[in-house]
Amino acid sequence: MKSYRKELWFEIPARRGFVNITPYVEECLRESGILEGLVLVNAMHITASVFINDDEAGLHQDYEKWLEQLAPHDPITQYRHNVGEDNADAHMKRQVMGREVVVAVTAGALDFGPWEQIFYGEFDGRRKKRVLVKIIGE
Amino acid sequence: MKSYRKELWFEIPARRGFVNITPYVEECLRESGILEGLVLVNAMHITASVFINDDEAGLHQDYEKWLEQLAPHDPITQYRHNVGEDNADAHMKRQVMGREVVVAVTAGALDFGPWEQIFYGEFDGRRKKRVLVKIIGE
Amino acid sequence: MKSYRKELWFEIPARRGFVNITPYVEECLRESGILEGLVLVNAMHITASVFINDDEAGLHQDYEKWLEQLAPHDPITQYRHNVGEDNADAHMKRQVMGREVVVAVTAGALDFGPWEQIFYGEFDGRRKKRVLVKIIGE
């Protein structure tokens, strides 16, 4: 069994944003030399997500609005976590969108359906944060 | 390390529906000959889910109603994604229910608690869509 | 490839609660002797979650309140699942928080960011329930 590990760093200039990280994960897979196995891609921070969906700008605006309805940022005093913090909502948004994805590796490629793309979802940005890529297989 | 891959195809006649796919995944596991490892089961489409919960018809009606409250289909014009499309809500429902499950394989069987069953959750059906089963182990 | 399996048992005295289970998972990892691989940690019951977030009491109170807004327990008659049962809301809360986490194992340790901790989330407690830890690797 082979294993491979890499950290990807992101600094989103706004509080929230989505970045298509598929090309970075594909580069990791090439570097790993692994042909058959599993890739784990996870946010290493608890106010960010890694998820798979469509690379479509309108949808990302819909996600932004929808998540804000499900777990509003304001008023920040509604959350007990917000004592010297203002990011409680980000901990909730991240649970809806998820921490991690696991993707099959087949014949050296990410084994994806037609529209699957991997995103980093930031809910408390404006600082450097990390995503972990771990690949195991042969 | 052994690996196994299979695509399962589903065509749900309505826009939304849940199908218990546990028997298909168990058949894949038997075909694979893998006794110890992990199974990844994921929707290959971004408006569908694979999740684990109870095979109980009342609960599935509750999920349908609850997801429709969290991310209503109508009015379709409330979503920017719906330009020539009407499935933005399906991209949200899928995030709540999840893309994938990872299940332990122990002694050649899915290592499940008493009520765990794997479901395909369709949120934009009436066409053929795929689920990927990838198994790695020994 | 090595594999390791253990069940962890929990009995939460209230209907709902969160328990930091990171030390138990770390103990499993030490017992396994696995240095590189993946750990799967999943609830074996369908009204409970395993998730990764912050070990902060205020946040856990926020989660409790927020989940109760998204999927209220009362009135129990609003759910079709609640025929001789009263836990339909628990099946929904578990979907928001997730069934499982997959964590990278690197150099014999859980490969975590600075604040990542693994929690058992109980939504229908007051009885013994199980979490599965499965580790594969070398």
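Placed above this text is the structure.
Residues numbered from 1 in each chain as written. Chains lettered and ligands numbered in written order. Predicted model: local features only at pLDDT ≥ 70, side-chain atom pairs only at ≥ 80, totals over all residues. Heavy atoms only, no water.

Novice: How should the relation of the copies chain C and chain B be read in this particular structure?
Specialist: Each of the two chain copies can be brought onto the other by rotation about an axis and movement along it. Rotating chain C by 120 degrees and moving it 0.0 Å along the rotation axis overlays it on chain B with an RMSD of 0.0 Å. Those values place the two copies in the arrangement expected of a three-fold rotation axis. The rotation axis passes nearest to the C-alpha of V96 of chain C in chain C, at a distance of 3.3 Å. (Least-squares fit on C-alpha atoms with pLDDT ≥ 70 in both.)

Novice: In this structure, what is going on with the packing of aromatic side chains? I would like to understand it.
Specialist: Here a ring pair, both rings aromatic, is described through the centre-centre distance and the interplanar angle of the planes. The full count for this structure, using the stated rule, is 24 aromatic pairs over all chains. Here the aromatic rings of Y63 of chain A and W66 of chain A are separated by 6.3 Å at their centres, their planes lie at 45 degrees, and the arrangement is tilted. Of this pair, Y63 of chain A and W66 of chain A both sit in helix α2 (residues 57–70), three residues apart, roughly one helical turn. You can call W66 of chain A buried: its relative accessible area is 3%. Ring geometry for F18 of chain B and F123 of chain B: centres 6.3 Å apart, planes at 80 degrees, overall edge-to-face. (Phe/Tyr/Trp six-rings, centres within 6.5 Å; stacked < 30°, edge-to-face > 60°. Helix = DSSP H or I, 4+ residues; strand = E, 2+ residues; numbered from the N terminus. Buried < 20%, exposed > 50% of the residue type's maximum accessible area, 1.4 Å probe, protein only.)

Novice: Got a minute to help me understand the pairing of strand β3 (residues 37–43) of chain C in this structure?
Specialist: Each regular strand shows side chains that alternate between the opposite faces of the sheet. Residue and element names in this part refer to chain C. Most of β3 is tucked away, with seven of its seven residues classed as buried. Where β3 lies against strand β5 (residues 100–106), six bridges are found, and the strand directions are antiparallel. Its bridge partner lying in β5, N42 is registered against E100. Where β3 and strand β8 (residues 128–137) come together, seven bridges link them in antiparallel fashion. Within the sheet, the bridge partner assigned to V39 lies in β8 and is I135. (Pairing = 2+ DSSP bridges.)

Novice: Which parts of the structure should I look at to understand unusual backbone geometry?
Specialist: Glycine aside, negative phi is the norm for most residues, and most peptide bonds take the trans geometry. The omega torsion of the bond from D74 of chain A to P75 of chain A falls at -10 degrees, within 30 degrees of zero and hence cis. Counting through the fold element by element, P75 of chain A comes out in the loop between α2 and α3 (88–97). Backbone geometry places A107 of chain C, a non-glycine residue, at a positive phi of 55 degrees. Position of A107 of chain C relative to the elements: it lies in the loop between β5 and β6 (109–110). When its relative accessible area of 63% is taken as the criterion, A107 of chain C is described as exposed.

Novice: What exactly am I supposed to notice about the interface of chain C and chain B here?
Specialist: Note on interface size: it is often stated as the accessible area lost on association of the parts. At the interface, 29 residues of chain C touch 35 residues of chain B. Note on chain C versus chain B: buried area summed over both sides is about 2,500 Å², and carbon and sulfur give 58% of it. Ranking the residues of chain C by area buried against chain B places M1, I46 and Q95 of chain C at the top, with a combined share of 23%. Counting every contact that joins chain C to chain B gives three salt bridges. As a salt-bridge pair, K134 of chain C and E36 of chain B come within 2.6 Å of each other at their nearest N and O atoms. Along the contact surface separating chain C from chain B lie 17 residue pairs in polar contact (both at pLDDT 80 or more). Those elements that place two or more of their residues in the side of chain C that touches chain B are β1 (2–11), β3, α3 (88–97), β5 and β8 of chain C. (Contact = heavy atoms within 4.5 Å. Buried area = accessible area lost by both parts, 1.4 Å probe. Salt bridge = Lys/Arg side-chain N within 4 Å of Asp/Glu carboxyl O. Polar contact = N/O pair within 3.5 Å; in protein donor to acceptor, adjacent residues only side chain to side chain.)

Novice: Hey, could you run me through the sheet that holds strand β2 (residues 17–20) of chain C in this one?
Specialist: Within a sheet, neighbouring strands are paired by backbone hydrogen bonds and run either parallel or antiparallel to one another. All names here are of chain C. Reading across the sheet, the three strands line up as β2-β7-β4 and stay open at both edges, with antiparallel pairing between neighbours. The open sheet has two free edges, formed respectively by β2 and β4 (48–53), since each of these has just one partner strand. Adjacent strand axes in the sheet meet at a mean angle of 30 degrees when their direction is disregarded. Looking at chain direction, β2 and strand β7 (residues 117–122) are connected through four bridges and run antiparallel. Across the sheet, the residue bridging to G17 is E122, located in β7. (Axes fitted to C-alpha atoms, helices over the stretch in contact; angles between N-to-C directions.)

Novice: Which parts of the structure should I look at to understand the packing of helix α2 (residues 57–70) of chain B against helix α3 (residues 88–97) of chain B?
Specialist: In a packed pair of helices, the relevant descriptors are the angle between the two axes and the axis-to-axis distance. Residues and elements named next belong to chain B. Relative to each other, α2 and α3 sit at 120 degrees, their axes nearing to 10 Å. Looking at the two axes, α2 sits oblique to α3. As for how α2 packs across α3, the hand of that crossing is right-handed. Here α2 contributes Y63, W66, L67, E68 and L70 to the contact with α3, which in turn contributes K93, V96 and M97. When grouped by side-chain class, the residues that make up the contact of α2 with α3 number six nonpolar, no polar and two charged. (Parallel < 35°, antiparallel > 145°, perpendicular 65-115°, else oblique. Left-handed = near helix turned anticlockwise from the far one by under 90°. Nonpolar A, V, L, I, M, F, W, Y, C, P; charged D, E, K, R; others polar.)

Novice: Sorry, what's going on with α3 of chain A here?
Specialist: Because an α-helix completes one turn every 3.6 residues, residues spaced three or four positions apart along the sequence face the same direction. Residue and element names in this part refer to chain A. Here α3 lies mainly inside the structure; 10 of its 10 residues are buried. Of the positions making up α3, those classed as buried are A88, D89, A90, H91, M92, K93, R94, Q95, V96 and M97. Positive backbone phi, at 100 degrees, marks G98, one or two positions downstream of α3.

Novice: Is there a simple way to think about the interface of chain B and chain A in this case?
Specialist: With 29 residues of chain B in contact, the opposing surface of chain A contributes 35 residues. Roughly 2,600 Å² of surface becomes buried between chain B and chain A when both sides are summed, with 58% attributable to carbon and sulfur atoms. Broken down residue by residue, the surface that chain B buries against chain A is led by M1, I46 and Q95 of chain B, which jointly contribute 24%. Between chain B and chain A we count three salt bridges in total. Inspection of the region where chain B meets chain A yields 17 residue pairs in polar contact (both at pLDDT 80 or more). Contributions of two or more residues to the side of chain B that touches chain A are made by β1 (2–11), β3 (37–43), α3, β5 (100–106) and β8 (128–137) of chain B. The biggest single contributor to the side of chain B that touches chain A is α3 of chain B, with six residues. Of the residues that constitute the side of chain B that touches chain A, the class distribution is 15 nonpolar, seven polar and seven charged.

Structural measurements only, silent on function.
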